[in-house]
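If you want the building blocks of each chain, they are given just below.
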Amino acid sequence: MGEESVHISYSSFLKKVYSLASSQAVSEAQQLAFDYKKSVELSNDDLGKIAVILGKAYISFCQENYAESNSLAAQIEYDFNNYSKKNSLNEDYLELKQKFYTLRGLCYKRIEQFDIAIVFNKKASELAKKLNNPRLVCNSLVNLGNLYYYEKQYEKAEEVYNKALRYANELPSFKGRSAIYNGLSSCLGEIGRFKEAYEYADKAVVWAVKENHLTLIPIVLCNQAYNCLFYEEQFHQVPNLINRLENMLESNSFTAKDSILIDFNRVKALYALRTKNYQEVLSIILPSEGKANIEQHIKVSFADYLVEAYIGLNQKEKAIEAYKKFKELNDKDYHIARKMYFKRQSQYLDMLYSEMDQGKELLDKEMAERERAEKDKAEILQLKKITEEQKKELEEKSQHLRAVNESLQQFSRTVAHDLKEPLRTINGFVNLLKKKEATNFSENAKEYMSFISISTERMENMIGNILQNTKVGFTDVTIENVNLNQIIKNVLLSLNYQINSKKARVEIEKLPIITGNVELIQLLFQNLISNAIKFTQKDIKPQISVGSVVRDDETIFYVADNGIGISKENKEKIFNSFERLNNPKEFDGTGLGLSTCSKIVKLHNGKIWIEENENGGTIFYFILNPPNRATKDKE
């Protein structure tokens, strides 16, 4: 493949790689990337090299290996920056970068970080406009509209879908109008505009058939049936739509059956409820309850339908249990259309639920009193065997525990306030800059401001988790099998921005499966790797290694770095709470990270220590759960 051939085929290469990988022909996609790489090396084409790495990132994405895809994305960003310094930004460069931003948006969408996905999709849309490519613009806007829908910003999603529709109408052939109409229908249904939602759903069906969009046809039909349930003038269409969907489910005329089966069951259950076929409601919902792929709002709907079905069948005890589950699942985002439709019945249902709750409360109270009576009887028998001296000792321990708990609560409240206040200040000033100085900012500056806002909001959430883990050493924790390889993937995802900004290289050895507490062990690795990235010498890229060794029948884990190191006199201090051994102006932090690590290790009956790295830096060694040895068989 000569230079001209490489130059022409960037877009077709990426399109074919993504098509193969997404259809599970991963080995073919990898072979295509390998062959393309050899051709690029012969032509010495820099953009071609970027296209190869981007192709590998698409393959990783389709394999759901988002950590690897993000890692490759960091390399691509670096290569783009180097290319832009040496070359003019031509159309090929812009097209590759547009596809790069699209991939980043897809990755963050899959891990449900919709706010960051929106940032990347906006950038992809802007580049598509610069390329004057209406088809690319339209696709980017559809992706952006979907993200606003997932974020429950329905008015914003409607606005973006309408923009996409205007672009689509300018194109002579565009296979995607059905998806746009379906998105508009879903948004309008969520905010109670049922007549418009039905009209858009009808258009979505027409266009899905016209475009021969086999995957989307059953989805839009299901959406149309759902809208008919709330739009009284078209309610009579529901049985025909249900029959049509059932015939499609029984055939092989379309793909992705599992993805719409749950939605279809919701339509059938709600129709059965409205026609007072309560037994049918149970037969539809009960087999689906334990499935893991059901979205939260559908779980809420199912629980609500079960309550009404059990009431209709006069099975009050089961109605109480279903209502209890409904209350646990329900939140402020519960489906608006459902609330509006059953508004007339709500007062009756609330009264009935209240009566059920009162009966349940009385029953629970009686059972609790009986339990207490049995417990008191056992305690009295036990107390007779305890001497006065033992009683005094127990009382002293109780007083000590109460004092410790009170001190912990005060500590938690103080830290929560002191840590969150600076974050709120940062967010406040960032928002002021956005409002008053936005016109003076470059595109990069605007992007940085967005990431600052997102990061400060996440930090506020992380504070609560850290405080919770501070207390965990004083309570029992759940112990289970822990896949350390999955733990490390999660940690690298959460530290993705920190790794990219420092251009850190993290090498991970395959790790064993052990027993312990998943959340605490993930926090342990996250603190150690984060510190290894943070405490580095200026102008030196962080090099971090994570792995394990077996010595004397014990599995010892390690996190090694090439950072600033720790002096001998400070080795014993570093695990103390709030111990800051570095200049705060050079390195940020609270002095709690390594203290938390020490507590987690001790909670797992282990030990932690440090040694100097012969290549410079520090190695943290630790043992977890010595009584329950780590398995020797690695994944």
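Up top you'll find the structure we're talking about.
A few points on the structure.

Cut-off values and rules
- Within any chain, residue numbers begin from 1 and follow the written order of that chain's sequence.
- For a predicted model such as this one, the threshold for reporting local features is a pLDDT of at least 70, and the threshold for listing and counting side-chain atom pairs is 80 or more; totals across whole chains, interfaces and linings nevertheless cover every residue.
- Only heavy atoms go into the side-chain values, all of them from the structure, while hydrogens and water stay out.
- Only runs of H or I of at least four residues qualify as helices and only runs of E of at least two qualify as strands under DSSP, and these elements are numbered from the N terminus.
- Between buried and exposed lies partly exposed: a residue is buried under 20% and exposed over 50% of the maximum accessible area for its type, with that area taken using a 1.4 Å probe on protein chains only.
- The set of buried Ala, Val, Leu, Ile, Met, Phe, Trp, Tyr and Cys residues whose side-chain atoms join them within 4.5 Å is what this entry labels a nonpolar core.
- Strands qualify as paired when DSSP identifies two bridges or more between them.
- What counts as a ring pair is set by centres within 6.5 Å for rings of Phe, Tyr and Trp (its six-membered ring), and what kind of pair is set by the plane angle: stacked under 30 degrees, edge-to-face over 60, tilted for all other angles.
- Criterion for a charge above a ring: Arg CZ or Lys NZ at most 6 Å from the ring centre, at most 35 degrees from the ring normal.
- Lines fitted to C-alpha atoms define the axes, with helix axes restricted to the stretch in contact, and inter-axis angles between N-to-C directions lie between 0 and 180 degrees.
- When checking whether two residues touch, look at their non-hydrogen atoms; a contact exists if any pair is within 4.5 Å.

### Structural notes on unusual backbone geometry
Alright, step 1. If you check the backbone angles, K503 has positive phi at about 55° while not being a glycine.
Alright, step 2. Looking at the secondary structure, you find K503 in the loop between α23 (496–502) and β2 (505–508).
Alright, step 3. Of note, D552 is a non-glycine position whose phi angle comes to about 50°, a positive value.
Alright, step 4. Structurally, the position occupied by D552 is in the loop between β4 (543–551) and β5 (554–560).
Alright, step 5. The exposure class of D552 is exposed, given its relative accessible area of 76%.

### What about the nonpolar core?
Alright, step 1. In this structure, L54, I76, L96, I180, L229 and Y305 are the most contacted members of the largest nonpolar core, which totals 123 residues.
Alright, step 2. In terms of nonpolar packing, the next biggest core, distinct from the first, is built from 35 residues, V482, L495, I499 and F575 among them.

### Notes on the pairing of strand β7 (residues 618–623)
Alright, step 1. Within β7, six of the six residues are buried, which leaves it mostly tucked inside the rest of the structure.
Alright, step 2. Sheet topology note: the β5/β7 ladder contains four bridges and is antiparallel. By the bridge assignment, V559 is partnered in β7 with F620.
Alright, step 3. Two elements, strand β6 (residues 607–612) and β7, share six bridges in a ladder whose sense is antiparallel. Across the sheet, the residue bridging to K607 is I623, located in β7.
Alright, step 4. Hairpin connection between β6 and β7: a loop of five residues separates the two successive antiparallel strands, and G616 in this loop has a positive phi of roughly 95°.

### A closer look at the packing of aromatic side chains
Alright, step 1. Counted according to the given criterion, the structure contains 16 aromatic pairs.
Alright, step 2. A centroid spacing of 5.3 Å and a plane angle of 85° characterise the contact between F80 and Y93, whose relative ring orientation is edge-to-face. A residue pair is termed long-range when its members are at least 10 positions apart, and F80 in helix α5 (residues 66–86) and Y93 in helix α6 (residues 91–110) qualify at 13 residues.
Alright, step 3. Measuring from ring centre to ring centre gives 5.8 Å for F235 and Y271, while their planes differ by 35°; the resulting arrangement is tilted. Of this pair, F235 sits in the loop between α12 (216–230) and α13 (238–250) while Y271 sits in helix α14 (residues 257–274), and the two are 36 residues apart along the sequence.
Alright, step 4. The class of F235 is buried, set by a relative accessible area of 18%.
Alright, step 5. Here the aromatic cluster, defined as three or more aromatic residues joined through ring pairs, consists of F80, Y83, Y93, F100, Y101, Y108, F120, F451 and Y497.
Alright, step 6. The positively charged end of R266 is found above the aromatic ring belonging to Y226, 4.2 Å away from the centroid.
Alright, step 7. Lying across the ring of W609, K607 places its NZ or CZ 5.3 Å from the centre.

### Details of the sheet that holds β5
Alright, step 1. Strand order in this open sheet of five strands is β2-β4-β5-β7-β6, and the pairing throughout is mixed. Of all strands in the sheet, those with a lone pairing partner are β2 and β6, marking the two edges. Averaged over neighbouring strand pairs, the angle between their axes works out to 20° when direction is ignored.
Alright, step 2. In the packing of helix α24 (residues 518–534) onto the sheet, the strands contacted are β4, β5 and β7, and the crossing angle to β4 comes to about 135°.

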